[in-house]
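# Survey of secondary and tertiary structure
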Amino acid sequence: MNKTYKLAIVGATGLVGRTALKILEEKNLPNFEYKLFCSKKSAGTKIKFLGKEYIAQELTENSFDEGFDFAIFSAGAEVAKKFAPIAVNKGTIVIDNSSFYRMNKGVPLVVPEVNPQKIFENNGIIANPNCSTIQAVLPIKALNDKYSIKRIVFSTYQ
């Protein structure tokens, strides 16, 4: 019998959260149950996902009490700062899309196509770089594998 995993999507009603839902829908992962969380202002929003209608619920200090295996956080640094530790303390592995944990030495910064092995070095939280960095490191990794790049100066203006 296969285990069913519980996945929380934090920030599900925002642009990045909805994009995560779209990708999850494309992947159609077997054995996953989903719960969608949002701000108080967006609570009650109905979202069609995987052929079902989900109602986004307000994220609170008790949201992780029911136990989740994983949570994707796409709700900004302040939400990650407050709620990711709560989720981790309840046994959830958090994948954070905000800037809050990106430079934390105890949190692996992961781009799956570049350093997937780093996910196993987590203490409950996995960070990912911002969108500009992710797009840049994919070709840089390929170039580095072939030519051993010594230095890159990279600037973005967002």
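Please refer to the structure higher up on the page.
What this report covers is the structure whose coordinates are included nearby. Predicted model, so just to flag it, every value in this text is computed and none were measured.

Another aspect to go through is the side chain of Ser63. Structurally, Ser63 is set in the loop between strand S5 (57-58) and strand S6 (70-73). A residue is classified by how much of its surface remains accessible, and Ser63, at 7% relative accessible area, is buried. Side-chain polar atoms of Ser63 contact the backbone nitrogen of Thr60, separated by 2.8 Å. When near neighbours in sequence (up to four residues on either side) are disregarded, Ser63 contacts Phe37, Glu58 and Phe68.

Looking now at unusual backbone geometry. In this model, Leu50 sits at a positive phi of 55 degrees, which is unusual for a non-glycine residue. Checked against the element boundaries, Leu50 lands in the loop between strand S3 (46-49) and strand S4 (52-55). With relative accessibility at 27%, the residue Leu50 sits in the partly exposed group. You will see that Ser148, though not glycine, has its phi angle at about 55 degrees, which is positive.

About the thresholds
Residues numbered from 1 in each chain as written. Predicted model: local features only at pLDDT ≥ 70, side-chain atom pairs only at ≥ 80, totals over all residues. Heavy atoms only, no water. Helix = DSSP H or I, 4+ residues; strand = E, 2+ residues; numbered from the N terminus. Buried < 20%, exposed > 50% of the residue type's maximum accessible area, 1.4 Å probe, protein only. Polar contact = N/O pair within 3.5 Å; in protein donor to acceptor, adjacent residues only side chain to side chain. Contact = heavy atoms within 4.5 Å.

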